[in-house]
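Coordinate analysis (summary)
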Amino acid sequence: AYIAYAVPDFGKFLSLVGSSICVLLGFIFPCLFHLILFRGTKELPYWQVGLDGVLILGGALFGIVGTYQSFCALLNGEAIEHLR
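Overview of the structure. (Residues numbered from 1 in each chain as written. Predicted model: local features only at pLDDT ≥ 70, side-chain atom pairs only at ≥ 80, totals over all residues. Heavy atoms only, no water.)

Let's shift gears to a nonpolar patch on the surface. Together, Phe13, Val17, Ile21, Leu24, Leu25, Phe29, Leu32, Phe33, Ile36 and Leu37 make up an exposed nonpolar region whose accessible area comes to about 890 Å². Position of leucine 37 relative to the elements: it lies in helix H2 (residues 10–37). A residue is classified by how much of its surface remains accessible, and leucine 37, at 67% relative accessible area, is exposed. (Patch = residues over 30% accessible without salt bridge, like charges linked within 9 Å, V, L, I, M, F, W, Y side chains within 5 Å. Areas by Shrake-Rupley, 256 points an atom, 1.4 Å probe, with all protein chains shown as cover. Salt bridge = Lys/Arg side-chain N within 4 Å of Asp/Glu carboxyl O. Helix = DSSP H or I, 4+ residues; strand = E, 2+ residues; numbered from the N terminus. Buried < 20%, exposed > 50% of the residue type's maximum accessible area, 1.4 Å probe, protein only.)

See the structure below:
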């Protein structure tokens, strides 16, 4: 609680970290590890490879957009409230 109080614009910084790191941990890394672990085996059907690819690309797209918006809000000193 002290860090949140002591650091100005902590919410904007947390938004930046959340939009970049959480997308990696929630979308990209699990799909990437799934593809790496089952690479070269017959156990991974094509639809799962396609679904992993879609989730990786979608996660990367949302991560880039979210990181960009959070970074711009952090630099401009604006709140992200106008996006809701």
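Moving on, we get to the packing of aromatic side chains. All chains considered together, the criterion is met by one aromatic pair. Centroid distance phenylalanine 29 to phenylalanine 33: 5.7 Å. Interplanar angle 15°. Geometry classified as stacked. Pair noted here: phenylalanine 29 and phenylalanine 33 are both in helix H2, with a separation of four residues, about one helical turn. The exposure class assigned to phenylalanine 29 is partly exposed, which follows from its relative accessible area of 33%. (Phe/Tyr/Trp six-rings, centres within 6.5 Å; stacked < 30°, edge-to-face > 60°.)

By themselves, these are just geometric observations and shouldn't be taken as functional.
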